[in-house]
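Summary of the model geometry
Each chain, letter by letter, is given below.
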Amino acid sequence: IDAWEALARGPRDSLFHAPSALFDFAEEVGQVFHLERACREAAIRGLGGLGPEQKLFLNIHPRTLVSPDFSPGETLGLLEKHGMSPRQVVFEITERHCVKDFTLFHRTLEHYRGQGYQVAVDDVGTGYSGLWSIAEIRPDYLKIDMSLVRNIDTNPVKRALLETFVAFADKIGCRLIAEGVETPAE
C-alpha cells in the first residue's frame, strides 16, 4: 500500500450521507473551511499511523486554501501530534470546483510545498480547471476520474486520452493514478 485516501461521509440514513450533499450545504452556509478542518482532523486522528514511505491523500476545496479562517501551522501541529510529517500528506485539489484567485491560491500552494506537502489534482477530466490549471498547479499526482477509466478496454477514445495523460505525466514528472479500476480488462 502506497497511500490512503481520507473520504468524508455524513451520518448514515441522512440527507448528508453523500459527501457532495454535505459539502454543497457547507458551501451554501459558508462553512466549507470548518467542515474540511473537522474532516482533516478526523482523518489524521483515525489513521493509526503510516509507514515511513506511505502517504495520506486529503481532499481540499480550493477555497479552503485561501480562507480567511486559515491558521498557519494548524495542520502541521496536528501531524506532529500524531507522529506524521508533511511529506506524508498529499493535498487533493478537485477539478470540480473553480479557482477564483489563482495568484493567492498559487502562493498558498507554494507555502505548503515549502513545508514538504505534495499536491494532487483530483477528478482530472471532469471539471473546471482543465489543462491550464494543471499547468499552473504543477501537481505531484494526477488522479484520473473513474469516468475516463470505466470501460477503457473497449473505448479507443478513452484509451487514447489516457495514453496522452501518461505521456504528459511522464514529461512533467508527476505520478498518474487511475481511479475506479474494477475489472482485469480495465
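Structure: see above.
Residues numbered from 1 in each chain as written. Predicted model: local features only at pLDDT ≥ 70, side-chain atom pairs only at ≥ 80, totals over all residues. Heavy atoms only, no water.

Two elements in contact, helix H2 (residues 32–47) and helix H4 (residues 74–81), have axes separated by 10 Å at closest approach and are oriented at 20°. One element, H2, and the other, H4, form an angle in the roughly parallel class. For the pair H2 and H4, the crossing hand works out as right-handed. From H2, Arg 37, Arg 40, Glu 41 and Ile 44 reach across to H4, where they touch Glu 74, Thr 75, Leu 78 and Leu 79. Residues of the contact of H2 with H4, tallied by class, amount to three nonpolar, one polar and four charged. (Axes fitted to C-alpha atoms, helices over the stretch in contact; angles between N-to-C directions. Helix = DSSP H or I, 4+ residues; strand = E, 2+ residues; numbered from the N terminus. Parallel < 35°, antiparallel > 145°, perpendicular 65-115°, else oblique. Left-handed = near helix turned anticlockwise from the far one by under 90°. Contact = heavy atoms within 4.5 Å. Nonpolar A, V, L, I, M, F, W, Y, C, P; charged D, E, K, R; others polar.)

Orientation of helix H1 (residues 19–28) relative to H2, taken along the N-to-C sense of each, is 140°, at an axis distance of 8 Å. Judged by the inter-axis angle, H1 sits oblique to H2. On the side of H1, the interface is formed by Leu 22, Phe 23, Ala 26 and Glu 27, while H2 contributes Val 32, Leu 35, Glu 36 and Cys 39. Tallied by class, residues from the contact of H1 with H2 come to six nonpolar, no polar and two charged.

Here the focus is the nonpolar core. In globular proteins that are soluble, nonpolar side chains generally tend to be buried together. Among the nonpolar cores identified, the biggest contains 33 residues, and Leu 58 and Ile 137 are the most heavily contacted of them. Per-element tally for this core: the top contributor is helix H5 (residues 102–115), with four residues. (Core = buried A, V, L, I, M, F, W, Y, C linked by side-chain atoms within 4.5 Å. Buried < 20%, exposed > 50% of the residue type's maximum accessible area, 1.4 Å probe, protein only.)

On to a nonpolar patch on the surface, then. On the surface, a cluster of nonpolar side chains totalling about 400 Å² of accessible area is made up of Leu 15, Phe 16, Phe 25 and Val 29. Summarising the element assignment, Phe 16 is placed in the loop between strand E1 (3–6) and H1. (Patch = residues over 30% accessible without salt bridge, like charges linked within 9 Å, V, L, I, M, F, W, Y side chains within 5 Å. Areas by Shrake-Rupley, 256 points an atom, 1.4 Å probe, with all protein chains shown as cover. Salt bridge = Lys/Arg side-chain N within 4 Å of Asp/Glu carboxyl O.)

With that settled, the discussion passes to the packing of aromatic side chains. Enumeration according to the criterion identifies five aromatic pairs in this entry. With 5.1 Å between their ring centres and 70° between their planes, Phe 57 and Tyr 141 make a pair best called edge-to-face. Placement of Phe 57 in strand E2 (residues 55–60) and of Tyr 141 in strand E5 (residues 141–144) is noted, with a sequence separation of 84 residues between them. Here Phe 57 falls in the buried class, since its relative accessible area comes to 5%. (Phe/Tyr/Trp six-rings, centres within 6.5 Å; stacked < 30°, edge-to-face > 60°.)

Moving on to the environment of Ile 144. Note on placement: Ile 144 falls in strand E5. A sequence separation of 35 residues divides Ile 144 from Glu 179, and the C-alpha atoms of the two residues are 5.9 Å apart. Among all residues touching Ile 144, those that are not within four sequence positions of it are Val 124, Val 149, Leu 162, Phe 165, Leu 176, Ile 177, Ala 178 and Glu 179.

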